[in-house]
Amino acid sequence: SQKIEQNSEALNIQEGKTATLTCNYTNYSPAYLQWYRQDPGRGPVFLLLIRENEKEKRKERLKVTFDTTLKQSLFHITASQPADSATYLCAPSRDNAGNMLTFGGGTRLMVKP
Amino acid sequence: GAGVSQSPSNKVTEKGKDVELRCDPISGHTALYWYRQRLGQGLEFLIYFQGNSAPDKSGLPSDRFSAERTGESVSTLTIQRTQQEDSAVYLCASSLQAGSYTGELFFGEGSRLTVL
(Lines give C-alpha, C1' and ligand atoms only; values in the text may rest on other atoms or scores of the structure.)
Protein backbone atom coordinates (compact mmCIF):
# COMPACT_ATOMS: atom_id res chain seq x y z
CA SER A 1 0.00 0.00 0.00
CA GLN A 2 1.02 3.60 -0.50
CA LYS A 3 2.96 5.07 2.37
CA ILE A 4 4.22 8.61 3.07
CA GLU A 5 6.78 9.12 5.82
CA GLN A 6 7.83 12.34 7.47
CA ASN A 7 9.91 12.54 10.60
CA SER A 8 7.39 12.68 13.43
CA GLU A 9 9.97 14.08 15.83
CA ALA A 10 10.22 17.85 16.03
CA LEU A 11 13.20 19.48 14.36
CA ASN A 12 14.84 22.12 16.55
CA ILE A 13 17.33 24.49 14.95
CA GLN A 14 18.96 27.81 15.68
CA GLU A 15 17.86 30.97 13.93
CA GLY A 16 19.88 31.63 10.78
CA LYS A 17 20.59 27.96 10.08
CA THR A 18 19.13 25.91 7.23
CA ALA A 19 16.27 23.59 8.13
CA THR A 20 15.94 20.40 6.08
CA LEU A 21 12.80 18.30 6.25
CA THR A 22 12.42 14.90 4.61
CA CYS A 23 9.47 13.22 2.91
CA ASN A 24 9.76 9.61 1.78
CA TYR A 25 7.09 7.69 -0.12
CA THR A 26 6.83 4.05 -1.08
CA ASN A 27 4.92 1.80 -3.43
CA TYR A 28 3.86 4.40 -5.96
CA SER A 29 5.06 7.13 -8.28
CA PRO A 30 3.38 10.49 -7.76
CA ALA A 31 3.21 12.87 -10.70
CA TYR A 32 3.98 15.79 -8.41
CA LEU A 33 4.42 16.69 -4.79
CA GLN A 34 3.28 19.70 -2.80
CA TRP A 35 4.45 21.13 0.51
CA TYR A 36 2.20 22.90 2.99
CA ARG A 37 2.71 24.80 6.21
CA GLN A 38 0.29 24.43 9.12
CA ASP A 39 0.19 26.65 12.16
CA PRO A 40 -1.58 25.49 15.37
CA GLY A 41 -5.34 25.73 15.07
CA ARG A 42 -5.21 26.75 11.40
CA GLY A 43 -5.71 25.03 8.08
CA PRO A 44 -2.64 24.14 5.99
CA VAL A 45 -1.30 26.74 3.58
CA PHE A 46 0.28 25.86 0.23
CA LEU A 47 3.99 26.61 -0.18
CA LEU A 48 5.46 24.88 -3.23
CA LEU A 49 4.70 22.30 -5.91
CA ILE A 50 7.31 20.25 -7.74
CA ARG A 51 6.61 17.93 -10.67
CA GLU A 52 8.23 14.55 -11.28
CA ASN A 53 10.32 15.93 -14.15
CA GLU A 54 11.69 18.74 -11.99
CA LYS A 55 14.69 18.14 -9.76
CA GLU A 56 14.50 21.34 -7.77
CA LYS A 57 12.18 24.28 -7.17
CA ARG A 58 12.88 27.51 -5.30
CA LYS A 59 10.77 30.27 -3.82
CA GLU A 60 12.48 32.97 -1.79
CA ARG A 61 14.13 31.15 1.16
CA LEU A 62 12.45 27.84 0.32
CA LYS A 63 13.87 25.05 -1.81
CA VAL A 64 12.32 21.69 -2.64
CA THR A 65 13.97 18.74 -4.33
CA PHE A 66 12.28 15.67 -5.79
CA ASP A 67 14.27 12.46 -6.33
CA THR A 68 12.02 9.92 -8.05
CA THR A 69 14.73 7.24 -7.83
CA LEU A 70 15.10 7.57 -4.07
CA LYS A 71 11.36 8.29 -3.75
CA GLN A 72 12.16 11.26 -1.61
CA SER A 73 11.56 14.99 -1.41
CA LEU A 74 13.63 17.36 0.69
CA PHE A 75 12.31 20.72 1.87
CA HIS A 76 14.86 23.36 2.85
CA ILE A 77 14.39 26.70 4.59
CA THR A 78 17.54 28.82 4.47
CA ALA A 79 18.32 31.59 6.95
CA SER A 80 15.55 30.27 9.18
CA GLN A 81 13.62 32.59 11.44
CA PRO A 82 11.49 31.98 14.55
CA ALA A 83 8.46 32.86 12.39
CA ASP A 84 9.20 29.75 10.33
CA SER A 85 8.23 27.60 13.33
CA ALA A 86 5.27 25.48 12.23
CA THR A 87 4.38 21.99 11.05
CA TYR A 88 5.31 21.24 7.46
CA LEU A 89 3.27 18.72 5.50
CA CYS A 90 4.34 16.83 2.43
CA ALA A 91 1.58 15.93 -0.05
CA PRO A 92 2.37 13.72 -3.04
CA SER A 93 -0.32 13.23 -5.65
CA ARG A 94 -2.06 9.95 -5.06
CA ASP A 95 -1.03 8.39 -8.34
CA ASN A 96 1.04 9.03 -11.44
CA ALA A 97 -1.96 10.48 -13.20
CA GLY A 98 -1.79 13.40 -10.82
CA ASN A 99 -5.14 12.83 -9.21
CA MET A 100 -5.76 13.80 -5.63
CA LEU A 101 -3.37 14.49 -2.81
CA THR A 102 -2.44 12.38 0.16
CA PHE A 103 -0.70 13.96 3.12
CA GLY A 104 2.17 12.88 5.29
CA GLY A 105 1.92 13.23 9.05
CA GLY A 106 4.01 16.40 9.04
CA THR A 107 7.18 17.47 10.79
CA ARG A 108 7.15 20.20 13.41
CA LEU A 109 9.92 22.75 13.03
CA MET A 110 11.01 24.92 15.95
CA VAL A 111 13.43 27.76 15.19
CA LYS A 112 15.01 29.19 18.29
CA PRO A 113 16.26 32.79 18.45
CA GLY B 1 -16.08 34.57 -0.80
CA ALA B 2 -12.40 35.29 -0.57
CA GLY B 3 -11.50 31.96 0.97
CA VAL B 4 -12.87 28.59 2.01
CA SER B 5 -15.41 29.01 4.76
CA GLN B 6 -16.35 26.27 7.23
CA SER B 7 -19.05 26.17 9.86
CA PRO B 8 -19.43 25.66 12.68
CA SER B 9 -15.90 26.40 13.84
CA ASN B 10 -16.55 24.43 17.01
CA LYS B 11 -19.14 21.78 17.76
CA VAL B 12 -19.61 19.86 20.99
CA THR B 13 -22.10 17.02 20.84
CA GLU B 14 -23.15 14.01 22.81
CA LYS B 15 -22.32 10.50 21.75
CA GLY B 16 -25.01 9.11 19.47
CA LYS B 17 -26.14 12.45 18.04
CA ASP B 18 -25.87 13.36 14.35
CA VAL B 19 -23.79 16.35 13.24
CA GLU B 20 -23.55 18.32 10.00
CA LEU B 21 -20.49 20.26 9.00
CA ARG B 22 -20.61 22.79 6.18
CA CYS B 23 -18.04 23.95 3.68
CA ASP B 24 -18.27 26.90 1.28
CA PRO B 25 -15.47 26.56 -1.29
CA ILE B 26 -13.86 29.34 -3.28
CA SER B 27 -16.09 30.34 -6.17
CA GLY B 28 -15.06 28.61 -9.40
CA HIS B 29 -13.15 25.80 -7.71
CA THR B 30 -14.38 22.53 -9.15
CA ALA B 31 -12.61 20.22 -6.72
CA LEU B 32 -13.56 19.92 -3.06
CA TYR B 33 -11.99 17.72 -0.40
CA TRP B 34 -12.74 16.73 3.17
CA TYR B 35 -9.96 15.67 5.50
CA ARG B 36 -9.95 14.68 9.15
CA GLN B 37 -7.14 15.64 11.51
CA ARG B 38 -6.93 14.12 14.96
CA LEU B 39 -4.95 15.93 17.63
CA GLY B 40 -1.25 15.87 16.79
CA GLN B 41 -1.81 13.77 13.68
CA GLY B 42 -1.62 14.29 9.94
CA LEU B 43 -4.48 14.78 7.51
CA GLU B 44 -6.65 11.76 6.78
CA PHE B 45 -8.46 11.88 3.44
CA LEU B 46 -12.22 11.35 3.66
CA ILE B 47 -13.93 12.25 0.37
CA TYR B 48 -13.26 14.15 -2.86
CA PHE B 49 -15.69 15.84 -5.26
CA GLN B 50 -14.65 16.86 -8.77
CA GLY B 51 -17.19 18.68 -10.91
CA ASN B 52 -20.08 16.43 -11.93
CA SER B 53 -18.08 13.22 -11.55
CA ALA B 54 -19.03 10.62 -8.96
CA PRO B 55 -17.32 11.50 -5.68
CA ASP B 56 -14.37 9.48 -4.45
CA LYS B 57 -15.60 8.15 -1.11
CA SER B 58 -12.73 5.76 -0.55
CA GLY B 59 -11.57 7.52 2.63
CA LEU B 60 -14.85 7.50 4.55
CA PRO B 61 -14.15 5.42 7.68
CA SER B 62 -17.64 3.96 8.09
CA ASP B 63 -21.19 4.16 6.78
CA ARG B 64 -21.94 6.68 9.52
CA PHE B 65 -20.07 9.23 7.42
CA SER B 66 -21.55 10.77 4.29
CA ALA B 67 -21.08 13.93 2.28
CA GLU B 68 -23.00 15.83 -0.34
CA ARG B 69 -22.11 18.63 -2.70
CA THR B 70 -24.54 20.76 -4.64
CA GLY B 71 -23.07 21.38 -8.08
CA GLU B 72 -19.79 23.18 -7.61
CA SER B 73 -20.78 24.96 -4.44
CA VAL B 74 -21.52 24.11 -0.83
CA SER B 75 -20.72 20.73 0.66
CA THR B 76 -21.98 19.16 3.87
CA LEU B 77 -20.31 16.35 5.76
CA THR B 78 -22.71 14.38 7.95
CA ILE B 79 -21.69 12.10 10.77
CA GLN B 80 -24.49 9.97 12.15
CA ARG B 81 -24.57 8.43 15.62
CA THR B 82 -21.32 10.14 16.60
CA GLN B 83 -18.72 8.25 18.62
CA GLN B 84 -15.95 9.62 20.80
CA GLU B 85 -13.35 8.54 18.23
CA ASP B 86 -14.96 10.95 15.77
CA SER B 87 -13.56 13.84 17.80
CA ALA B 88 -11.18 15.70 15.49
CA VAL B 89 -10.82 18.76 13.30
CA TYR B 90 -12.58 18.34 9.97
CA LEU B 91 -10.86 20.32 7.25
CA CYS B 92 -12.34 21.24 3.90
CA ALA B 93 -10.26 22.34 0.93
CA SER B 94 -11.01 23.41 -2.63
CA SER B 95 -8.90 23.72 -5.73
CA LEU B 96 -9.02 24.40 -9.43
CA GLN B 97 -8.71 21.25 -11.49
CA ALA B 98 -7.38 21.29 -15.01
CA GLY B 99 -7.35 17.85 -16.57
CA SER B 100 -5.41 15.52 -14.31
CA TYR B 101 -3.40 18.29 -12.67
CA THR B 102 -4.50 19.25 -9.20
CA GLY B 103 -3.81 22.83 -8.31
CA GLU B 104 -2.88 23.96 -4.86
CA LEU B 105 -5.43 23.26 -2.17
CA PHE B 106 -6.99 26.15 -0.29
CA PHE B 107 -8.05 25.05 3.16
CA GLY B 108 -10.66 26.39 5.50
CA GLU B 109 -9.89 26.85 9.16
CA GLY B 110 -11.66 23.62 10.03
CA SER B 111 -14.55 22.51 12.20
CA ARG B 112 -13.46 21.18 15.57
CA LEU B 113 -15.77 18.38 16.67
CA THR B 114 -15.82 17.15 20.25
CA VAL B 115 -17.98 14.13 21.08
CA LEU B 116 -18.64 13.71 24.78
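Just above sits the structure.
For the structure given in this document, a descriptive report is provided here. Predicted, not measured: the structure shown is a model, and the values here were computed from it.

**Quick look at the overall build of chain A**
Scanning chain A for helices and strands turns up zero helices and ten strands. With respect to the three principal axes, the spread of C-alpha positions in chain A is 40 × 30 × 20 Å. Among the 113 residues that make up chain A, the fraction classed as buried is 45%. Of all intrachain contacts in chain A linking residues separated by at least 6 positions in sequence, the fraction that spans at least 24 positions is 56%. Accessible surface, chain A as shown: approximately 5600 Å² in total, 46% of it carbon and sulfur. For chain A, the separation between the mean place of its 15 positive charges and that of its 11 negative charges on side chains is 2 Å.

**Comments concerning the sheet that holds strand 5 (residues 45-51) of chain A**
All names here are of chain A. Ordered by their spatial adjacency, five strands build an open sheet running 2-10-9-4-5, and the pairing between neighbours is mixed. Of all the strands in the sheet, just strand 2 (11-14) and strand 5 have a single pairing partner and so form its edges. Direction aside, neighbouring strands of the sheet carry axes that sit 25° apart on average. Looking at chain direction, strand 4 (residues 32-38) and strand 9 (residues 86-92) are connected through six bridges and run antiparallel. In the strand pairing of strand 9, Gln-34 is matched with Ala-91.

**Observations regarding the nonpolar core**
A general tendency of soluble globular proteins is for nonpolar side chains to be buried together. All names here are of chain A. Counting 22 residues, the largest nonpolar core has Leu-33, Trp-35, Phe-75, Ile-77, Tyr-88 and Leu-109 as its most contacted members. Where this core is concerned, the elements lending two or more residues are strand 3 (19-26), strand 4, strand 5, strand 7 (62-67), strand 8 (72-77), strand 9 and strand 10 (107-112). If one sorts the elements of this core by residue count, strand 3 sits on top with four residues. In this structure, Leu-109 is in contact with Leu-11, Ile-13, Ala-19, Ile-77, Asp-84, Ser-85, Ala-86 and Tyr-88, ignoring residues within four places of it in sequence.

What counts, and at which threshold
- Counting restarts for each chain: residues are numbered from 1 in the order of the written sequence.
- Chains carry letters and ligands carry numbers; both start at the beginning, A for chains and 1 for ligands, and go up in the order they are written.
- Residues qualify for local features only when their pLDDT is at least 70, as the model is predicted, and side-chain atom pairs are given and counted only at 80 or more; totals for whole chains, interfaces and linings, by contrast, use all residues.
- Side-chain figures throughout are based on the complete set of non-hydrogen atoms in the structure, without hydrogens or water.
- Put simply, DSSP H or I for four residues or longer makes a helix, DSSP E for two residues or longer makes a strand, and each gets a number counted from the N terminus.
- Summary of the burial criterion: residues with accessible area below 20% of their type's maximum are buried, those above 50% are exposed, and those between are partly exposed, where the area comes from a 1.4 Å probe applied to protein chains only.
- Between two residues, a contact is recorded if the distance between any of their heavy atoms is within 4.5 Å.
- Note on areas: Shrake-Rupley, 1.4 Å probe, and residue coverage restricted to the protein chains presented here.
- Two residue types count as positive, namely Lys and Arg, and two as negative, namely Asp and Glu; His and chain ends fall outside the count.
- Every charge is mapped onto a representative atom, which is NZ of Lys, CZ of Arg, CG of Asp or CD of Glu.
- A strand pair is defined by DSSP finding two or more bridges across the two strands.
- Axis definition: a line fitted to C-alpha atoms, limited for helices to the stretch in contact. Angles are taken between N-to-C directions and run from 0 to 180 degrees.
- Working definition of a nonpolar core: buried Ala, Val, Leu, Ile, Met, Phe, Trp, Tyr and Cys residues. They are joined through side-chain atoms within 4.5 Å.

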